[in-house]
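This is what each chain is made of:
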Amino acid sequence: MSEQSSDQSGVQSTEPISPLTKALSEYIAGTADRALPPAVAEKTRHHVLDTIAAIVSGSRLRAGRLATGYVSRLAGVPEALVIGTSFLVPAEFAALANAMSGHADETDDSHLGGRFHPGCGIVPAALAVAELKECSGAQFVRAVALGYDIGARLNMSMGYSEPNNRPGHSTHSLGTAFGAAAAAAALLRFDARQVRHVLSYAGQQASGIGYWTRDAEHIEKSFDFGGMPARNGITAALLVQAGGTALDDIFSGADNFLEAFKPMNDPSMLIEALGERYEIMRTDVKKWTVGAPIQAPLDAMANLMQKNRFTADQVQKVAVRVATDEATIVDNREIPDISLQHLMAVMLVDKTVSFKTAHDEARMKDPAVLKERAKVQLVRDGELEKQMPKRVAVVELTMADGKMLSERVETVRGTAGNPMTREEMIAKARDLIVPVLGADKFQKLSDKIFALESVKNVAELRPLLQTA
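Now for a quick tour of the structure. None of the values given here were measured: they were computed from a predicted structure.

This part takes up the sheet that holds strand S8 (residues 404–409). Spatially, S6-S5-S7-S8 is the arrangement adopted by the four strands of the open sheet, whose pairing is mixed. Each of the sheet's edge strands pairs with one partner strand only, and the pair in question is strand S6 (376–381) and S8. Going across the sheet, the axis of each strand differs from the next one's by a mean of 15 degrees, ignoring polarity. One ladder, built from six bridges, connects strand S5 (residues 315–323) with strand S7 (residues 393–399); its direction is antiparallel. Each residue of the ladder has a partner; that of Val318, found in S7, is Leu397. Running at roughly 135 degrees to S8, helix H11 (residues 295–307) makes contact with S5, S7 and S8 of the sheet. Across the sheet, helix H13 (residues 340–350) lies against S5, S6 and S7, angled at about 130 degrees from S6, the strand it touches most.

Right under this line is the structure:
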């Protein structure tokens, strides 16, 4: 049975509210005062540090520089920091720039079940609103975890996370937009009705089309994955804060969101186990700063190198088996950090893949790398496709002496099933942040993030994230 809604003044709405929307909006509204389990809070801090590291390093890449230049002309209202700069802009534009920097490369986190990159958009959106409203670190952490919960559940409930169930829509935009909107609403301490209006504005802005896979420069992709949904989520919340009213239930009634997007799963998954199952615990961190489908192949090659001492010249052929759908994303791409063949060749030459080498376009023309790249064969494996959304890879080496070596990786380091330690997270972040902000700022920033619950005002992070 549906029920009617009323705002804080007692004004009654004539629109019925479905049980699903009622439960969802009430949960979001209660986030700011709801403590997280210790393990969830710790994992959230990991993802905050990891995303900030992606933003800082990405601010120096093409997508980050473009986004920063775009919003610099909008610096009239100083609400939130554009990370890696010294200027403040309106919150929604800080989120846009920081989110595009967050996915300017392939350093940010990913959620396999929801098939999206939550951190690059949700963390910048939550950070910008937390700066604007001078929220505490504890509230910020809770809002980030909430954003992951809502974004992942939205995608899973729509069924678009299945490889063959995407009618052109981009899961990366949809989940992130609703996650960012939910995080912003929680930080603004909206009541349930205001939350429902935020969801309505988020639904109206729901966008993103799957042709991002054809983006050869990672700029439109960074807008699709991070910048657009982060900006749209905050815009939805700030419109409501300004007094904007909207539909009370976008998930039921005539021409509702679900009818428009034709979900292929169960919409009740939107609220399934809220407060019990935290999606940030099921979100992966990248050990390697490259595209997600290449994580397992690089792990497999690293394992083979550790177990068997050999040089690149001793390898005659490299067969890399990945899921069919995943292969399309990374097959001979023009961008170094999402080209599987290129990165496997770099691994053979260098014995590792660093952030620097993964983003070095000149290495794509290096004769030594091209020599090894010619040996790499990408195999679209239908059996591995059945393992999705779990990314499994098999690397098979044919050696010059005829010997065959093979390594199968089921659970990459950094994934939910094989998580990195706090120390590993700090080491990864240090490699990305220190070249931009310096060692002293990095150490203070890392310490601050791992003590966020004691931070009274998130704006305290600002001096540690800016440059002169």
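What follows is about the nonpolar core. Grouped together as the largest cluster of nonpolar side chains are 105 residues, with contacts concentrated most on Ile28, Phe140, Phe178, Phe251, Phe257 and Ile433. If near-sequence neighbours (up to four positions away) are discounted, Phe257 is found in contact with Leu154, Met158, Phe178, Gly203, Ala206, Ile250 and Phe251. Met305, Phe310, Val318 and Ala327 belong to the second-largest nonpolar core, a separate cluster that totals 37 residues.

In this section: the pattern of salt bridges. Tallying each qualifying case throughout the model produces 35 salt bridges. A salt bridge links Asp313 to Lys371, with the nearest nitrogen and oxygen atoms 3.3 Å apart. Of this pair, Asp313 sits in the loop between H11 and S5 while Lys371 sits in helix H15 (residues 367–373), placing them 58 residues apart in sequence. By relative accessible area, which is 57% here, Asp313 ends up exposed. Owing to a relative accessible area of 49%, Lys371 belongs among the partly exposed residues under this scheme. Connected via shared salt-bridge partners are Asp149, Arg153, Glu272, Arg277, Glu279 and Arg282.

Moving on, we get to the packing of helix H6 (residues 137–158) against helix H7 (residues 171–187). Running from N to C, H6 and H7 cross one another at 145 degrees; their axes reach a closest spacing of 7 Å. Relative to H7, H6 is oriented so that their crossing is right-handed. Contact residues: H6 offers Gln139, Phe140, Ala143, Leu146, Gly147, Ile150, Gly151, Leu154 and Asn155, while H7 offers Thr171, Leu174, Gly175, Phe178, Gly179, Ala182, Ala183, Ala186 and Leu187. Looking at the contact of H6 with H7 residue by residue, the class counts come to 11 nonpolar, seven polar and no charged.

Now for the packing of aromatic side chains. Enumeration according to the criterion identifies four aromatic pairs in this entry. Ring plane angle 85 degrees and centroid distance 4.7 Å describe the contact between Trp212 and Phe225, whose orientation is recorded as edge-to-face. Within this pair, whereas Trp212 is found in the loop between helix H8 (192–204) and helix H9 (220–241), its partner Phe225 is found in helix H9, the two being separated by 13 residues in sequence. When sorted by exposure, Trp212 lands in the same class as Phe225, which is buried. Arranged with centres 4.4 Å apart and planes meeting at 25 degrees, the rings of Phe257 and Phe261 form a pair that is stacked. Of the two residues, Phe257 and Phe261 both sit in helix H10 (residues 257–261), four residues apart, roughly one turn of that helix. The exposure class of Phe261 is buried, given its relative accessible area of 11%. Each residue in the set Phe178, Phe251, Phe257 and Phe261 is aromatic and connected to the rest through ring pairs, giving one cluster. The ring of Tyr27 is capped by Arg34, whose NZ or CZ atom sits 3.9 Å from the centre of that ring. The ring of Phe225 is capped by Lys221, whose NZ or CZ atom sits 4.3 Å from the centre of that ring.

All right, on to empty space enclosed by the protein then. Scanning all chains against the criterion turns up three cavities of 30 Å³ or more. What the largest cavity holds in volume is close to 70 Å³. Per-element tally for the lining of the largest cavity: the top contributor is H6, with four residues. In terms of residue class, the lining of the largest cavity is made up of five nonpolar, one polar and three charged.

Our next topic: the pairing of S8. Burial of S8 is one-sided: the residues Leu405, Glu407 and Val409 facing one way are buried, the residues Met404, Ser406 and Arg408 facing the other way are not. Sheet analysis places S7 next to S8, joined by six bridges and oriented antiparallel. Bridge pairing in S8 places Thr398 opposite Met404. Between S7 and S8, which pair antiparallel and follow one another directly, the connecting turn spans four residues, one of which, Gly402, has a positive phi of 95 degrees.

The rules behind each value
Residues numbered from 1 in each chain as written. Predicted model: local features only at pLDDT ≥ 70, side-chain atom pairs only at ≥ 80, totals over all residues. Heavy atoms only, no water. Pairing = 2+ DSSP bridges. Helix = DSSP H or I, 4+ residues; strand = E, 2+ residues; numbered from the N terminus. Axes fitted to C-alpha atoms, helices over the stretch in contact; angles between N-to-C directions. Contact = heavy atoms within 4.5 Å. Core = buried A, V, L, I, M, F, W, Y, C linked by side-chain atoms within 4.5 Å. Buried < 20%, exposed > 50% of the residue type's maximum accessible area, 1.4 Å probe, protein only. Salt bridge = Lys/Arg side-chain N within 4 Å of Asp/Glu carboxyl O. Left-handed = near helix turned anticlockwise from the far one by under 90°. Nonpolar A, V, L, I, M, F, W, Y, C, P; charged D, E, K, R; others polar. Phe/Tyr/Trp six-rings, centres within 6.5 Å; stacked < 30°, edge-to-face > 60°. Lys NZ or Arg CZ within 6 Å of the ring centre and 35° of its normal. 1 Å grid on protein atoms, 1.4 Å probe; cavity = no way out; pocket = protein on both sides within 12 Å on 5 of 7 lines; lining within 4 Å. Points joined across faces, edges and corners; volume = space filled by probe spheres on them.

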